Amino acid sequence: MRSLRGSSRAACAVALATAVVAGADVSAHRLDEYLQAARLAIEPGRVQLELDLTPGIALAEEIIAAVDRNRDGLLSQDEQGAYGRLVMSALTLEVDGKPLSLRLGVCRFPGTGAIRSGEGTVRLESAATLPRLSVGRHQLLFRNGHHRNRSVYLANALVPESDQVAVTAQQRDGDQSELTIAYVMREAPGTATRVLLFGSLAAATVLSAFLTRALRSRR
């Protein structure tokens, strides 16, 4: 799966205002809350989600225990994948009111020491396939229901890499666990040219057939 890091850099201007407003809350709750920061990239055929999960020191042992199911002190690949799927099961993604299925891709977990110090961030990357959408306005809804009791949420849309997609607005609920992205789908580059060319060829074919019939009738 393509990483969103390049897109994240391009989206700094989009996310800056939200990050500044939320900064005070994040600082105030970092020790005893679970910070969950979501970034979504909309492309013509899919949506990519990058979710960073950073437990505060007071929650570290609880999160480690939720991942380390066999209690051996190690976070195995299987355990990491299981926790990633648990998180995915609490996420909702819809386009124009129709649910989308998120597929978990990459799971990156820090060491348990980093988690206990409050500096460890779990990164989950996932994607969903978009249905074929018409040219015009659409809405993407993202909702995060993971660990609702003690979490601080952030959610932002990234600047699309494709010229076919233009994000026009972002609307969040009070705690940013829900984000609605309004965007516009444009025609693929060259579509209008192909339509014009096809129309011209069709017209030329009709004209040729007409002239052929006219010449035969004169004979």
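Now for a look at the structure at hand. Remember, predicted model here, so these are calculated numbers, not experimental data.

1. Brief notes about the overall build of the protein chain
- Across its full length, the protein chain carries six helices and ten strands.
- Relative to its full complement of 219 residues, the protein chain shows a buried share of 43%.
- Taking as baseline every contact in the protein chain between residues at least 6 positions apart, the subset at least 24 positions apart corresponds to 68%.
- Summing over all exposed atoms, the protein chain offers an accessible surface of approximately 12,100 Å²; the carbon and sulfur share of this is 56%.

2. Here's the deal with the pattern of salt bridges
- Summed over all chains, the structure comprises seven salt bridges.
- We note a salt bridge from R39 to D52, for which the minimum N-O separation is 2.8 Å. You can see R39 sitting in strand β1 (residues 34-43) and its partner D52 sitting in strand β2 (residues 46-55), a full 13 residues away along the chain. With respect to class, R39 is no different from D52; both count as buried.
- R108 is the partner of E125 in a salt bridge, and the nearest nitrogen-oxygen pair spans 2.7 Å. Residue E125 is located in strand β6 (residues 122-129), and its partner R108 is located in strand β5 (residues 103-108); the two are separated by 17 residues in the primary sequence.

3. Some details on the sheet that holds strand β8 (residues 151-157)
- Strand order in the open sheet made by the five strands is β5-β6-β2-β1-β8, with mixed pairing throughout. The two strands at the open ends of the sheet, each matched to only one other strand, are β5 and β8. Shown here is a sheet whose adjacent strand axes are inclined to one another by a mean of 15°, direction ignored.
- Across seven bridges, the pairing between β1 and β8 is parallel. Bridging from a neighbouring strand, Y34 pairs with S151 of β8.
- Contacting β1, β2, β5 and β6, helix α4 (residues 77-89) crosses the sheet at an angle of about 130° to β5.

4. Concerning the pairing of strand β7 (residues 136-144)
- Pairing between strand β3 (residues 91-95) and β7: five bridges, direction antiparallel. Within β7, the position partnered with L91 by the bridge is N144.
- In this sheet, strand β10 (residues 178-185) lies alongside β7 in antiparallel orientation, the contact comprising eight bridges. Note that in β10 the partner of Q139 across the bridge is A182.

5. Description of the environment of Y34
- Note that Y34 resides in strand β1.
- Separated by 119 residues in sequence, Y34 and Y153 place their C-alpha atoms 8.2 Å apart.
- Within polar-contact distance, the side chain of Y34 engages the side chain of Y83 at 3.0 Å.

6. Looking at the sheet that holds β10
- Across the sheet, which stays open at both edges, the five strands sit in the order β4-β3-β7-β10-β9 with antiparallel pairing between neighbours. Strands with a single pairing partner mark the edges of an open sheet, and in this sheet they are β4 (98-99) and β9 (165-172).
- Two strands pair when backbone bridges link them, and β3 and β4 are joined in this way by two bridges, in the antiparallel orientation. Within the sheet, the bridge partner assigned to V95 lies in β4 and is K98.

7. Focus: the packing of helix α3 (residues 60-67) against α4
- Following both chains from N to C, one finds α3 and α4 inclined at 110°, their axes separated by 8 Å at the closest point. The angle between α3 and α4 places the two elements in the roughly perpendicular class. Side by side, α3 and α4 meet where I63, A66 and V67 of the first sit next to E79, Q80 and Y83 of the second.
- Taken together, the residues of the contact of α3 with α4 sort by class into four nonpolar, one polar and one charged.

8. With respect to the packing of aromatic side chains
- Here the structure, examined in full by the defined rule, presents one aromatic pair.
- Their ring planes at 75° and their centres at 6.2 Å tell us that Y83 and F109 sit as a pair that is edge-to-face. Pair noted here: Y83 is in helix α4 and F109 is in the loop between β5 and α5 (112-116), with a separation of 26 residues, a long-range link. As far as burial versus exposure is concerned, Y83 and F109 are alike and both buried.

The rules behind the values
Residues numbered from 1 in each chain as written. Predicted model: local features only at pLDDT ≥ 70, side-chain atom pairs only at ≥ 80, totals over all residues. Heavy atoms only, no water. Helix = DSSP H or I, 4+ residues; strand = E, 2+ residues; numbered from the N terminus. Buried < 20%, exposed > 50% of the residue type's maximum accessible area, 1.4 Å probe, protein only. Contact = heavy atoms within 4.5 Å. Areas by Shrake-Rupley, 256 points an atom, 1.4 Å probe, with all protein chains shown as cover. Salt bridge = Lys/Arg side-chain N within 4 Å of Asp/Glu carboxyl O. Pairing = 2+ DSSP bridges. Axes fitted to C-alpha atoms, helices over the stretch in contact; angles between N-to-C directions. Polar contact = N/O pair within 3.5 Å; in protein donor to acceptor, adjacent residues only side chain to side chain. Parallel < 35°, antiparallel > 145°, perpendicular 65-115°, else oblique. Nonpolar A, V, L, I, M, F, W, Y, C, P; charged D, E, K, R; others polar. Phe/Tyr/Trp six-rings, centres within 6.5 Å; stacked < 30°, edge-to-face > 60°.

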